[in-house]
Amino acid sequence: MANKLVIEDVSTIDNYTCEVNFRSTFDHLFTGNTFWVSYGCDVSSLPDNILVIPALTTLVPVAWAESADIYVSELDRTFYYTLYALQAAWKEVPTKFGPTGDIYFGNLVENHQPEAGSKSALLFSGGVDSHYSYVEHRQEDPLLVTIHGSDISLDSPEEFNQVKNHVEEFATPRGLDQLSIASNHREILEYPLLDHYYRSNVSRGWWATLQYGLGMIGLCAPLVGTDEIDTVYVSSGHQDFELEPAIHPRLIEQLEWANAHAELVGEGITRQDKLEQISEYIRSDDRPIHIRSCFRHHDAQNCMECEKCSRTALGLLFTGVDPCEHGYPLDATTLEDIRRKLIRGVWTFKSVHVGLWRELKAAADPESEYPINGAQEFVEWLSDADIGSFKSDGRSPRTKRDFIPESLYPIAYRARKRVRDIAAQNS
Ligand SMILES: [Zn+2]
């Protein structure tokens, strides 16, 4: 018997929340929760064929991994063709999945909304990629969409509120609209099982390889009817690096529904080049920008202790802006701390980090003047540093010898030698 995924029911339980019930022949890959998504705007007048899209973008990859046929009573015509285009792309992306199933529907509906001249939305979490995407598309005054239930768990409403306030501080002075979407789309899949069964297909894990991006854009599909959004921008992170979740560009290109589509921003642009563009914008616009890029803190603050905070602060500094004014309190003490952590191997520092820090080193100019105390000395040190030697698993900090600042090492070595010599003479 062929595997099946059946969408049983789509309903709005209040004006803002939509629920989708489903069943399958591979229910062990689901937690048993009903899928739900809630919007900061009224979605009750939208048709089921649009409201089902957020659930499908999360469920369909599981169905295809299981070569299952999909049954749904009503589908948007454009999205139906998108599913077949995604199927074709699915076999090309590096996940190397095999054959997929068919899609069966009761009714195919042509949606004409939105009309030409409508608006765009940007998935905005407040990090470097989000800010770069805004700078690139700022002429469109995009609606900033922040999702609760993706990188910030539904169990942490406080953290999400802080992020929402952070986005608001960016949006308000620019006259931008802001919308929050909450969903349990990360609570319906059995990730440990999916990551186990499909470990050879999803090297970054199921969420980071497949659901991230695809599922998040899917959550935005109903905005075509509520806010006349015809383009949803999603930021491209580093495709080659395994540090962060990323959506494959080949999948994004296929995503269309009604008269709307998704677009990837910044593909092929390095993080340092993105920071350069953001800095150029900062210099031309005096409204505040505070970037939030920390992995350790999911609230609106950067910890300034982790590798990513340090790298981003330095990246901003090397573009010539003061990182302290944009969310990264950097001073002579933190600079020295960064240097010690690199030398001592405190952070996990893999090949991907070597690439990122080499990019950073290339941006550091010993001839430039930087607005932070201690920056000149740091840049001189970094310019001579062997980035490859910083590789570390972060668990076994290197010896005291490495802990001594490199510039002081000859003095320390001579002093220790002298102490040893005196001790030898006196013995
Ligand atoms: Zn941090």
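Keep in mind it's a predicted model, so treat the numbers as computed, not measured. (Residues numbered from 1 in each chain as written. Predicted model: local features only at pLDDT ≥ 70, side-chain atom pairs only at ≥ 80, totals over all residues.)

**Details of the overall build of the protein chain**
The secondary structure content of the protein chain amounts to 16 helices and 13 strands. Principal-axis analysis of the C-alpha atoms gives the protein chain an extent of 95 × 50 × 35 Å. Per-residue burial over the protein chain gives 41% buried out of 427 residues. If you take every contact in the protein chain between residues at least 6 apart in sequence, the share linking residues at least 24 apart comes to 73%. (Helix = DSSP H or I, 4+ residues; strand = E, 2+ residues; numbered from the N terminus. Buried ≥ 20, exposed ≤ 12 C-beta atoms within 10 Å, placed from the backbone. Contact = placed C-beta atoms within 7 Å.)

**What to know about the environment of Ile147**
With respect to the secondary-structure elements, Ile147 resides in strand 7 (residues 143-148). Residues Ile147 and Phe124 lie 23 residues apart in sequence; the distance between their C-alpha atoms is 8.3 Å. The contacts of Ile147, once residues within four sequence positions are left out, are Ile181, Met216 and Leu219.

**Some details on helix 4 (residues 128-136)**
Counting buried positions along helix 4 gives eight out of nine residues, so the element sits mostly inside the fold. Every buried residue of helix 4 is accounted for by Val128, Asp129, Ser130, His131, Tyr132, Ser133, Tyr134 and Val135. At its buried positions, helix 4 is contacted by strand 6 (119-123), strand 9 (229-235), strand 11 (260-265), helix 10 (271-284) and helix 11 (307-318).

**Examining the pairing of strand 2 (residues 17-24)**
Alternating residues of strand 2 divide into Cys18, Val20, Phe22 and Ser24, all buried, and Thr17, Glu19, Asn21 and Arg23, none buried. Taken together, the seven bridges between strand 1 (residues 4-12) and strand 2 define a ladder with antiparallel strand orientation. Within the sheet, the bridge partner assigned to Val6 lies in strand 2 and is Arg23. Two strands pair when backbone bridges link them, and strand 2 and strand 3 (residues 35-39) are joined in this way by four bridges, in the antiparallel orientation. Bridge pairing links Glu19 to Trp36 in strand 3. (Pairing = 2+ DSSP bridges.)

**Points about helix 14 (residues 375-384)**
By the burial criterion, the buried members of helix 14 are Ala375, Phe378, Val379 and Leu382. Buried residues along helix 14 cover an arc of 95° about the axis, so they all sit on one side. Turning to helix 14, the residues buried within the fold contact helix 11, helix 12 (332-344) and helix 13 (351-363). (Arc of directions from axis to C-beta.)

**Quick word on the sheet that holds strand 10 (residues 256-257)**
Here eleven strands make up an open sheet; going across it, the order is 5-4-1-2-3-8-7-6-9-11-10 and the pairing mixed. What marks the edges here is a single partner per strand, and that holds for strand 5 (103-109) and strand 10. Relative to strand 8 (residues 178-183), strand 3 runs antiparallel, the two being bridged by three bridges. Within the sheet, the bridge partner assigned to Ser38 lies in strand 8 and is Ala182. Contacts between helix 7 (residues 206-220) and the sheet are confined to strand 3, strand 6, strand 7, strand 8, strand 9 and strand 11, with strand 9 contributing the most and set at about 155° to the helix. (Axes fitted to C-alpha atoms, helices over the stretch in contact; angles between N-to-C directions.)

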